[in-house]
Amino acid sequence: QVQLVESGGGLVPPGGSLRLSCVASGIIFRFSTMGWYRQAPGKERDLVAGITGDRRTNYADSVKGRFTISRDNLKNTVYLQMNSLKPEDTAVYYCNFPNGARNYWGKGTLVTVSA
């Protein structure tokens, strides 16, 4: 079955950096579009970044120039490098695999940006 396991969250001061990882299993990873979403307390879950199998990327306006999504097809892993973090980036970050009518999600990893 499909499994997505995120890691790399934590507490970081404003201006700091973190790299999130998501290891996928149960899918043909190298052909799969993958995404990162986030959900702040009391808010909806929103797309942060996506990457296709041929490495085309897209980003939310709020993270352009600060976050970078990438993938390692040998490791079945998608990454989210987050730089210049702001308090408003605080959220649970979820890995996503969209598969037609169904979305698959990891359990999420908490990122807290605070002094």
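Before reading further, recall that the structure is shown in the block above.
Residues numbered from 1 in each chain as written. Predicted model: local features only at pLDDT ≥ 70, side-chain atom pairs only at ≥ 80, totals over all residues. Heavy atoms only, no water.

Novice: Tell me what's going on with the pattern of salt bridges, and back it up with residues and numbers.
Specialist: Tallied over the full model, the rule gives four salt bridges. Here D61 and K64 are joined by a salt bridge, their closest N and O atoms 3.1 Å apart. Each member of the pair, D61 as well as K64, is classed as exposed. Taken together, the shared-partner salt bridges connect R38, R66 and D89 into one network. (Salt bridge = Lys/Arg side-chain N within 4 Å of Asp/Glu carboxyl O. Buried < 20%, exposed > 50% of the residue type's maximum accessible area, 1.4 Å probe, protein only.)

Novice: If you had to explain the packing of aromatic side chains to someone new, which residues and values would you point to?
Specialist: For the structure on display, the rule yields three aromatic pairs. Taking the centre distance of 5.8 Å and the plane angle of 20 degrees together, the rings of F97 and Y104 count as stacked. Note on accessibility: F97 and Y104 belong to one class, buried. Among the aromatic residues, those joined into a ring-pair cluster are Y37, Y94 and W105. The positively charged end of R45 is found above the aromatic ring belonging to Y94, 3.6 Å away from the centroid. The aromatic ring of F29 is capped on one face by R71, whose charged end is 4.5 Å from the ring centroid. (Phe/Tyr/Trp six-rings, centres within 6.5 Å; stacked < 30°, edge-to-face > 60°. Lys NZ or Arg CZ within 6 Å of the ring centre and 35° of its normal.)

Novice: Just give me the short version of the side chain of R71, but keep the residues and values in it.
Specialist: With respect to the helices and strands, R71 occurs in strand 7 (residues 67-72). For the buried R71, which has no salt bridge, the nearest side chain bearing the opposite charge is D54, at an N-O separation of 7.4 Å. Here the side chain of R71 touches F29 through a polar contact of 2.6 Å, landing on its backbone oxygen. Engagement of the side chain of R71 in a polar contact is seen with the backbone oxygen of S32, the distance being 2.8 Å. Beyond its immediate chain neighbours, meaning those up to four positions away, R71 contacts F29, R30, S32, M34, I51, T52, G53, R55, T77 and V78. (Helix = DSSP H or I, 4+ residues; strand = E, 2+ residues; numbered from the N terminus. Lys, Arg positive; Asp, Glu negative; His and termini not counted. Polar contact = N/O pair within 3.5 Å; in protein donor to acceptor, adjacent residues only side chain to side chain. Contact = heavy atoms within 4.5 Å.)

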